[in-house]
Amino acid sequence: MLLSFARTLRYPISLLIIVLVLSGCTSPSSSSTTSEATPKRLTLLFNVQSNTIDPHTDVNYTASRAGISETLVKVDDQQQLQPWLATSWESKDGQHWTFQIRPDVTFHSGTSVDAQAVKDSLERVIQTNPAIRNALHIEKITAKGQTLQIVTDTPLPQFPSELVHPNTGIIDTAVDAGTPSGTGPFVLAQFKPGIEVDVKRNPTYWDGQVKLDEATFSFNEDANARLLALQSGNADVVYRFPVESLSQLQTDPNLVIESVPGLRAHQLIYNMNHTHLAKLPVRQAIDSLLNRQEIVDAVMSGQASVAKGPFLTDSPFSPPYTDKPFDIQRARTLFAQAGYTVSNGIVTDNGTPLTFKLITYQSRAELPLIAQLLQANAAQLGIKLEIQQVDNADEYLAENKDWDMAIYSFITAPRGDASYLLNSVYTPTGGLNYGQVKDAQLNTLIQQLNQTVDSDQRNHIAQQAVEMIDRNLLNSYIIHPNNFVAHQKNVSGWVTSKSEYYMLTKDLDVN
Amino acid sequence: MRMLIQKITGLLLFLFILSFISFCLLKLVPGDPVRSMLRVDDVAVTNEQIQQMRAQLGLDQSVFVQYGYWLQNLFSLDLGHSYMTARPVFSEFIEKIPYTLMLTGTSLLVMMIISLPLGILSALYRGRWTDHISRIFALIGSSIPSFWLGLLLIDLFAVKLRILPSMGEGSWQHLILPSITLGIAMSAVYVRLVRASILESSHQEFIRSARARGIGKKRIFTFHLMRHSLIPLLTVFSESIGSLLGGTVMIEVLFAYPGLGKWIVDAITARDYPIIQGYMLFMSIFIVLLNMAVEWSYRYINPAIAIGQRKKGATS
């Protein structure tokens, strides 16, 4: 009986299969299709998605990156502060600040940008974003014409650098921040949370002609999918493609690869409360086990530079660093000099073999690999490293005391000033002082930095502090990963910025 | 009416217990959102500021007090604001749910288009080449990781043929690749289920009785055999809907599709408690309603179930 059913059903089923096949063969509307009649448009594919475009709360700075909002101060690739919506600023004591707001700038809504508008915008960010409220320490803002006066509740010489933060972007507070009205080269056309931001040219942009007519800032967190989008022509600029595809992309005549050293540093944190790690020779020995060049070549496929300290070597607050070669023999000697026994391929302390617990996390795929390389080199010397991966390293390192070392990563100087790193990591109350560093001399130097307004003097003090960190090896800085981008050959005016705060700019164009 | 009131009371009680348990479990997990909120990896923050913020959010209070506040706000229809985006939880949920429902619907459609014909054919041609093909399909379909299948489909349809978009949302074409990816993964299981269900039903007494009564083959197949086979399938089907509503993270990431899966995973990672609690609440309501609908559909598909329930009600 079932066979006779089969005969009856044969044709409808075949029809269904044909419909299914045909449904997959319909031509889609392609975003990459261009002709002379169509506007100049570009699609940028970024690697982190955003569910809000409110410049004051969005942790991914989409409005800034998409060229919608701008800040009072910007940072250039030499990590120097530059005027943006503020033409100048001054303070004698680091607490009372006067900013001159650029005249003849209007919001996308058409409202003029004056000191009052900037005050309203800054007051909104202080109200909505606790992180920025803590960073700015604003006590009082006074606005008059184009002059903005700000008093902070404590001397804050790095105040202008905090205003580089994209969350301080100046927007028209009379307009809903869900559809922000900024001052940038692009006006928001549509925001689809988690998918993309569509922008169009700002015809009255204060800084000159904007070359693109339209642009889309899309999100995709899968590196392979981003690569395929570039190859399919669905995207014109793609952030962080899979590094293993680099050689393949470099041979493609239609693509251009750009790679610049980033401001991030992958590092090894030592728990200073640990009996052995509190000793400088032990830290120096472990530092000698880090084969930085191998990490750059093998783990990062060349898309990184060896870190000699927390900041890039060309940074204004970097001292001349000492080289830190990979040298297992040196490590062995250092352990021996520090009173440890190194024999039969095992390092022991009073007969007890040395074992350390090393924390790492997965959200940056290379970190566990760096941990494994260190583990292998340590094993060669005779030290056991037990690697533990955690979901949230910040939480784990802050809440637990049972770890000895951690492979960690963050941007050490995001806004053209060294004070963030020094205050966060090296003061006893710093929120990133996971290693429990308590160095009175260093702390004094940091407090001196916190009172110094002159930028040259600040850089000099920062260099002294970094020298001290380097000398005492309070952390081992391993590599600076590159920011790398691939774009179609017809894209011009693209700049891969170190800070990654600025992406869609007025100079970006497609030919 | 009485039954309806009973159902609603049961639902409310269930939601209360579930929300309380999920709230407690969330709080038992170490960590909180304060470090993420204060952006320790981006701006200078002191430990004192972290403690202050913790107190400000009430995170230093007992779990019962915190749950009490949440419940109190819920009674005034306030699910709170996301710690990360500062936007109302309800707005974010309402933004995401249509995309998820759309993808769920189209994936199930693809699954049915593949699994029903293949499952029926393999039952009808048991032991023959059609059956072998369906078995191989089921084996391959359940072995291929869905993200890899998705990448293959993107490579074929978006990169090589350039006939479908590789990612995003906005047109029906954007739904094709994610739906096929999910649909194929699910249909691998359903093909075998359909086959087994039809074969099992075809041996039932009522099929032989129908034939003896001279009912036509088409009618027997459609109204007796298929109808009876649907009941076990429906149960699994409702479970699939439940898992699709929150469990398509990989596909959402791959195709940059703005569904609930990625949203909730991000919220869990960032310990965004208001989002997680809101999601739990909405999903439990949805799944309870779905189960009730499936239960009701049993009675429609097989009236014997309804009659049995009525008799049971009369005797008790």
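The numbering scheme is per chain: residues are counted from 1 as the chain's sequence reads. Note on labels: chains are lettered from A, ligands numbered from 1, in written order. Only residues with pLDDT of 70 or above have their local features reported here, since the model is predicted, and side-chain atom pairs are shown and tallied only from 80 upward, although totals for entire chains, interfaces and linings are computed over all residues. The side-chain numbers reported here are obtained from all heavy atoms of the structure, hydrogens and water having been left aside.

1. Things to note about the overall build of chain A
(1) Moving on: Within chain A, the regular secondary structure consists of 15 helices and 23 strands.
(2) Moving on: Dimensions of chain A, computed from the C-alpha atoms along their principal axes, are close to 85 × 80 × 45 Å.
(3) Moving on: Expressed as a percentage of the 511 residues in chain A, the buried residues total 58%.
(4) Moving on: Contacts were defined at the residue level, with two residues in contact if any of their heavy atoms lie within 4.5 Å. Put simply, of all contacts in chain A between residues at least 6 apart along the chain, 70% involve residues at least 24 apart.
(5) Moving on: With an accessible surface of roughly 19900 Å², chain A has 49% of that area assigned to carbon and sulfur atoms. Strands are runs of DSSP state E lasting at least 2 residues, helices are runs of H or I lasting at least 4, and numbering of each runs from the N terminus. Burial classes follow relative accessibility: with a 1.4 Å probe on protein chains only, a residue under 20% of its type's maximum area counts as buried, one over 50% as exposed, and anything between as partly exposed. Note on areas: these come from Shrake-Rupley sampling with a 1.4 Å probe, and a residue is covered only by the protein chains present in the view.

2. A few points about the packing of aromatic side chains
(1) Moving on: Aromatic rings from Phe, Tyr and Trp, with only the six-membered ring used for Trp, were paired whenever their centres fell within 6.5 Å, and each pair was classed as stacked if the ring planes differed by under 30 degrees, edge-to-face if by over 60, and tilted otherwise. A complete count under the given rule lists 31 aromatic pairs over all chains for this structure.
(2) Moving on: Arranged with centres 5.7 Å apart and planes meeting at 80°, the rings of Tyr408(A) and Tyr434(A) form a pair that is edge-to-face. Residue Tyr408(A) is located in strand E20 (residues 405-411), and its partner Tyr434(A) is located in the loop between helix H13 (419-426) and helix H14 (440-449); the two are separated by 26 residues in the primary sequence.
(3) Moving on: Overall, Tyr434(A) belongs to the buried group, its relative accessible area being 5%.
(4) Moving on: Here Phe23(B) and Trp70(B) contribute two aromatic rings whose centre-to-centre distance is 6.4 Å and whose plane-to-plane angle is 40°, an arrangement assigned as tilted.

3. Quick notes on the sheet that holds strand E7 (residues 147-152) of chain A
All names here are of chain A.
(1) Moving on: Spatially, four strands are ordered E4-E5-E7-E6 in an open sheet, and the strand pairing comes out antiparallel. Each of the sheet's edge strands pairs with one partner strand only, and the pair in question is strand E4 (86-90) and strand E6 (138-144). Each strand axis lies, on average, 20° off the axis of its neighbour in the sheet, ignoring direction.
(2) Moving on: DSSP calls a pair of strands paired once it identifies at least 2 bridges connecting them. Both strand E5 (residues 96-101) and E7 contribute to a ladder of five bridges, which runs antiparallel. Residue pairing for E7: Thr-98 is matched across the bridge by Gln-149.
(3) Moving on: Comment: axis = line fitted to C-alpha atoms, over the contacting stretch for helices; angle = value between 0 and 180 degrees taken between N-to-C directions. Helix H3 (residues 115-128) contacts E5, E6 and E7 of the sheet and is inclined by roughly 160° relative to E6.

4. Side note on the environment of Gln173(B)
Residue and element names in this part refer to chain B.
(1) Moving on: Structurally, Gln-173 can be placed in helix H8 (residues 173-202).
(2) Moving on: Classification of Gln-173 as buried rests on a relative accessible area of 8%.
(3) Moving on: Separated by 10 residues in the primary sequence, Gln-173 and Ile-163 place their C-alpha atoms 9.1 Å from one another.

5. Side note on the side chain of Thr100(B)
(1) Moving on: By the secondary structure assignment, Thr100(B) is in helix H5 (residues 89-124).
(2) Moving on: Not counting residues up to four positions away in its chain, the partners in contact with Thr100(B) are Leu244(B), Leu245(B), Glu252(B), Tyr257(B), Gly259(B) and Leu260(B).

6. Some words on the interface of chain B and chain A
(1) Moving on: At the interface, 74 residues of chain B touch 69 residues of chain A.
(2) Moving on: Both sides together, the interface formed by chain B and chain A hides about 5700 Å², and carbon and sulfur atoms give 61% of it.
(3) Moving on: When a carboxyl oxygen of Asp or Glu is within 4 Å of a side-chain nitrogen of Lys or Arg, the pair counts as a salt bridge. Between chain B and chain A we count four salt bridges in total.
(4) Moving on: Glu395(A) is the salt-bridge partner of Arg271(B), the closest N and O atoms lying 3.2 Å from each other.
(5) Moving on: Polar contacts, as used here, are pairs of N or O atoms within 3.5 Å; protein pairs need one atom able to donate a hydrogen and one able to accept it. Residues neighboring in sequence count only if both atoms are side-chain atoms. At the junction of chain B with chain A, the criterion picks out 19 residue pairs in polar contact (both at pLDDT 80 or more).
(6) Moving on: Looking at the side of chain B that touches chain A element by element, the count peaks at 10 residues for H5(B). By convention, the term buried area covers the 1.4 Å-probe accessible surface removed from two parts as they join, with the contributions of both added.

7. Looking at the nonpolar core
(1) Moving on: Buried Ala, Val, Leu, Ile, Met, Phe, Trp, Tyr and Cys residues that are joined via side-chain atoms within 4.5 Å together make up what is termed a nonpolar core. Residues Leu268(A), Leu422(A) and Tyr426(A) are the most contacted members of the largest nonpolar core, which totals 153 residues.
(2) Moving on: In this structure, Phe46(A), Ile141(A), Leu163(A) and Val210(A) belong to the second largest nonpolar core, which totals 59 residues.

8. Overview of the sheet that holds strand E17 (residues 352-353) of chain A
Whenever strands of a sheet pair, they do so through backbone hydrogen bonds, lying parallel or antiparallel.
Residue and element names in this part refer to chain A.
(1) Moving on: Spatially, the three strands line up as an open sheet ordered E15-E16-E17, and their pairing is antiparallel. Of all strands in the sheet, those with a lone pairing partner are strand E15 (341-343) and E17, marking the two edges.
(2) Moving on: In the sheet, E15 pairs with strand E16 (residues 346-349) via three bridges, with the strands oriented antiparallel. Along E16, the bridge assignment pairs Thr-341 with Thr-348.

9. A few points about a nonpolar patch on the surface
(1) Moving on: A cluster of nonpolar side chains, namely Leu13(B), Phe16(B), Ile17(B), Ile21(B), Leu25(B) and Leu28(B), defines an oily patch on the protein surface of about 610 Å² accessible area.
(2) Moving on: Inspection of the secondary structure puts Leu28(B) in helix H1 (residues 2-28). By definition, no residue in a patch forms a salt bridge, and every one has over 30% relative accessible area; like charges are joined within 9 Å, nonpolar side chains (Val, Leu, Ile, Met, Phe, Trp, Tyr) within 5 Å.

10. Quick notes on the UniProt feature "transmembrane region" (unreviewed entry) in chain B
Residues and elements named next belong to chain B.
(1) Moving on: UniProt positions are given in the numbering used here, feature names are shortened, and annotations may be inferred rather than shown by experiment. Here, the residues flagged by UniProt with the feature "transmembrane region" (unreviewed entry) are residues 97-124, 136-159, 171-191, 230-255 and 275-294.
(2) Moving on: Along residues 136-159, the helical share is 92% and the strand share 0%, with 28 Å between the first and last C-alpha atoms.
(3) Moving on: Counting secondary structure, residues 171-191 comes out at 90% helix and 0% strand; the distance between its end C-alpha atoms is 29 Å.

11. A look at the pairing of strand E1 (residues 41-46) of chain A
Residues and elements named next belong to chain A.
(1) Moving on: Most of E1 is tucked away: five of the six residues are buried.
(2) Moving on: Alignment of E1 against strand E10 (residues 214-219), held across six bridges, turns out to be parallel. Its bridge partner being in E10, Leu-42 is matched across the sheet by Ala-215.
(3) Moving on: Relative to strand E11 (residues 237-239), E1 runs parallel, the two sharing two bridges. Bridge pairing in E11 links Leu-44 to Val-237.

12. Notes on the confidence of the model for chain A
(1) Moving on: In the predicted model, chain A carries a mean pLDDT of 90, and 93% of its residues have values of at least 70.
(2) Moving on: Predictor confidence is given residue by residue as pLDDT, running from a minimum of 0 to a maximum of 100. Confidence drops under pLDDT 50 across residues 15-35 of chain A; counting only partners more than four residues distant or on other chains, this segment forms 24 contacts.

13. Thoughts on the packing of helix H9 (residues 292-299) of chain A against helix H11 (residues 366-381) of chain A
Helix-helix packing is characterised by the crossing angle of the two axes and by the distance between the axes.
All names here are of chain A.
(1) Moving on: Following both chains from N to C, one finds H9 and H11 inclined at 135°, their axes separated by 11 Å at the closest point. The angle between the axes of H9 and H11 places the two elements in the oblique class. Crossing of H9 against H11: the hand is right-handed. Of the residues in H11, those in contact with Glu-294, Ile-295 and Val-299 of H9 are Glu-366, Leu-369, Ile-370 and Leu-373.
(2) Moving on: All residues other than Ala, Val, Leu, Ile, Met, Phe, Trp, Tyr, Cys, Pro, Asp, Glu, Lys and Arg, Gly among them, are scored as polar; the first ten of these are nonpolar and the last four charged. Residue composition of the contact of H9 with H11, by class: five nonpolar, no polar and two charged. For classification, angles of less than 35 degrees are called roughly parallel, those exceeding 145 degrees roughly antiparallel, those between 65 and 115 degrees roughly perpendicular, and all remaining angles oblique. Take the far helix as the reference: if the near one is turned anticlockwise from it by less than a right angle, the crossing is left-handed, and if turned clockwise, right-handed.

14. With respect to the packing of helix H10 (residues 328-337) of chain A against H11(A)
Residues and elements named next belong to chain A.
(1) Moving on: Contact geometry for H10 and H11: axes closest at 10 Å, N-to-C directions at 60°. Here H10 lies oblique to H11, going by the angle between them. For H10 against H11, the interelement crossing comes out right-handed. Contact with H10, carried on its side by Ile-328, Ala-331, Arg-332 and Phe-335, involves Asn-377, Gln-380 and Leu-381 of H11 and no other residues of that element.
(2) Moving on: In terms of residue class, the contact of H10 with H11 is made up of four nonpolar, two polar and one charged.

15. Details of unusual backbone geometry
Residues and elements named next belong to chain A.
(1) Moving on: You will see that Ser-301, though not glycine, has its phi angle at about 50°, which is positive.
(2) Moving on: Mapping Ser-301 onto the fold places it in the loop between H9 and strand E14 (304-306).
(3) Moving on: Non-glycine residue Glu-500 carries a positive phi angle of around 65°.
(4) Moving on: For Glu-500, a relative accessible area of 8% corresponds to the buried category.

16. Some remarks on the pattern of salt bridges
(1) Moving on: In the structure shown here, the tally under the stated rule is 30 salt bridges over all chains.
(2) Moving on: Note that Asp509(A) and Lys40(A) form a salt bridge whose closest N and O atoms lie 3.1 Å from each other. On the criterion of sequence distance, the pair formed by Asp509(A) in strand E23 (residues 509-510) and Lys40(A) in the loop between helix H1 (2-23) and E1 is long-range, its members being 469 residues apart.
(3) Moving on: A salt bridge links Glu386(A) to Lys384(A); the nearest nitrogen and oxygen atoms lie 3.9 Å apart.
(4) Moving on: Among the charged side chains, a network of salt bridges with common partners joins Glu162(A), Arg415(A), Arg39(B) and Asp42(B).

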